Amino acid sequence: AADNGETAESSSFLGENPFERIIPGAFAAIILFSIVISGMYIFQSASNEKKDKIAEIILSSVTPGELMQGKMIGYFGLGMIQAVVFLAFAIPSSIWKRDVPELILLVAIAILGYFLFAALFVGVGATMADMSSAGNFQGMVMMLPFLPFIFIGPVLSDPSGLFAQMGTYIPFTTPGVLLMRLTVMEEWPWVEIIIALVILVVSIWIFMKLAGKIFKTGILMYGKNATPAEIWKWIKA
């Protein structure tokens, strides 16, 4: 009888509105994808400005830090506009407006993910002579936003399992894995969420500092891609 009651309760939960948890997660995932793709344009923008020697002109009016931050904020705005315009037509507000608190957290995770990857892209983009000559190191950085795809199977099959938890605490996979977990979990693990958010915020701060050092030197270096050894010297300087 108890099993029948639990089954009925579970069926009632799923049957009541199967999109109730999926829609907010999908909403945040689309935002994350849109702004991360826009963030990749930072990579190309920094490289093109070096190639065309526009950076020297821009830096006569602003500091390297201001230029870097302006790129990140500008492309963030572009990505958000693209995502919001798309979602305004794709998802009726009546479907997700009841999940506003959950949606706010999921969108916040997506935005933090953008700033993490944007810091990487703007820093590494400044180390390249041009996009066509990207080396193995730069190519690996470009692939980092797609690491969460490795965890799709384990997360969906067991969102509370070891692999799902590991992905939650690795900065490069935290946004994607956390969005997947919270979308499929009925009860959210708030302790894990708080720990993951702290890791993400601290990682953003660290990578922003490192990106600033790399960008300051790399944006004015012409003729070749910087090697990992050179980038390490800039970071230590």
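Quantities reported herein were computed from a predicted structural model and do not represent experimental measurements.

Rules behind the numbers
Residues numbered from 1 in each chain as written. Predicted model: local features only at pLDDT ≥ 70, side-chain atom pairs only at ≥ 80, totals over all residues. Heavy atoms only, no water. Helix = DSSP H or I, 4+ residues; strand = E, 2+ residues; numbered from the N terminus. Buried < 20%, exposed > 50% of the residue type's maximum accessible area, 1.4 Å probe, protein only. Polar contact = N/O pair within 3.5 Å; in protein donor to acceptor, adjacent residues only side chain to side chain. Axes fitted to C-alpha atoms, helices over the stretch in contact; angles between N-to-C directions. Parallel < 35°, antiparallel > 145°, perpendicular 65-115°, else oblique. Left-handed = near helix turned anticlockwise from the far one by under 90°. Contact = heavy atoms within 4.5 Å. Patch = residues over 30% accessible without salt bridge, like charges linked within 9 Å, V, L, I, M, F, W, Y side chains within 5 Å. Areas by Shrake-Rupley, 256 points an atom, 1.4 Å probe, with all protein chains shown as cover. Salt bridge = Lys/Arg side-chain N within 4 Å of Asp/Glu carboxyl O. Phe/Tyr/Trp six-rings, centres within 6.5 Å; stacked < 30°, edge-to-face > 60°. pLDDT = per-residue confidence, 0-100.

1. Topic: the side chain of Thr168
(1) Moving on: Assignment of secondary structure puts Thr168 in helix α9 (residues 162-169).
(2) Moving on: On the accessibility criterion, Thr168 (0% relative accessible area) is buried.
(3) Moving on: A polar side-chain atom of Thr168 sits 2.8 Å from a polar atom in the side chain of Arg181.

2. Topic: the packing of helix α11 (residues 190-218) against helix α12 (residues 228-236)
(1) Moving on: At their nearest, the axes of α11 and α12 sit 9 Å apart, and the two run at 115° to each other. In this view, α11 runs roughly perpendicular relative to α12, as classed from their interaxial angle. Crossing angle aside, the handedness with which α11 passes α12 is right-handed. Contacts from Leu210, Lys213, Ile214, Thr217 and Gly218 in α11 reach Ile231, Trp234 and Ile235 in α12.

3. Regarding the side chain of Thr183
(1) Moving on: With respect to the helices, strands and loops of the structure, Thr183 is situated in helix α10 (residues 174-184).
(2) Moving on: At 2.6 Å, the side chain of Thr183 and the backbone oxygen of Leu179 are in polar contact.

4. Some words on the packing of α9 against α10
(1) Moving on: Look at α9 against α10: their axes get within 7 Å of each other, and the N-to-C directions meet at 135°. As summarised for this structure, α9 and α10 are arranged oblique, according to the angle between their axes. For the pair α9 and α10, the sense of crossing is left-handed. For the pair α9 and α10, contact is made by Ala164, Gln165, Gly167, Thr168 and Tyr169 and by Thr174, Val177, Leu178 and Arg181, respectively.

5. Some details on a nonpolar patch on the surface
(1) Moving on: The grouping of Ile194, Val198, Val202, Trp205 and Ile206 at the surface amounts to a nonpolar patch, some 490 Å² of accessible area in total.
(2) Moving on: Assignment of secondary structure puts Val198 in helix α11.

6. Considerations on the packing of aromatic side chains
(1) Moving on: Taken as a whole, this structure holds five aromatic pairs when the rule is applied.
(2) Moving on: With centroids separated by 5.1 Å and ring planes inclined at 75°, the aromatic side chains of Tyr114 and Phe115 adopt a geometry described as edge-to-face.
(3) Moving on: For Phe115, a relative accessible area of 22% translates into the label partly exposed.
(4) Moving on: Relative to Phe149, the ring of Phe146 has its centre 6.2 Å away and its plane inclined at 15°; by these criteria the two rings are stacked.
(5) Moving on: By relative accessible area, which is 53% here, Phe149 ends up exposed.

7. What about the confidence of the model for the protein?
(1) Moving on: When pLDDT is averaged along the protein, the result is 76, and 74% of the positions lie at 70 or above.
(2) Moving on: Mean pLDDT in the protein bottoms out at helix α1 (residues 2-16), which sits at 41, and peaks at α9, which reaches 92.
(3) Moving on: For the stretch residues 1-16, pLDDT sits under 50, and the model shows three contacts to residues farther than four places along the chain or on other chains.

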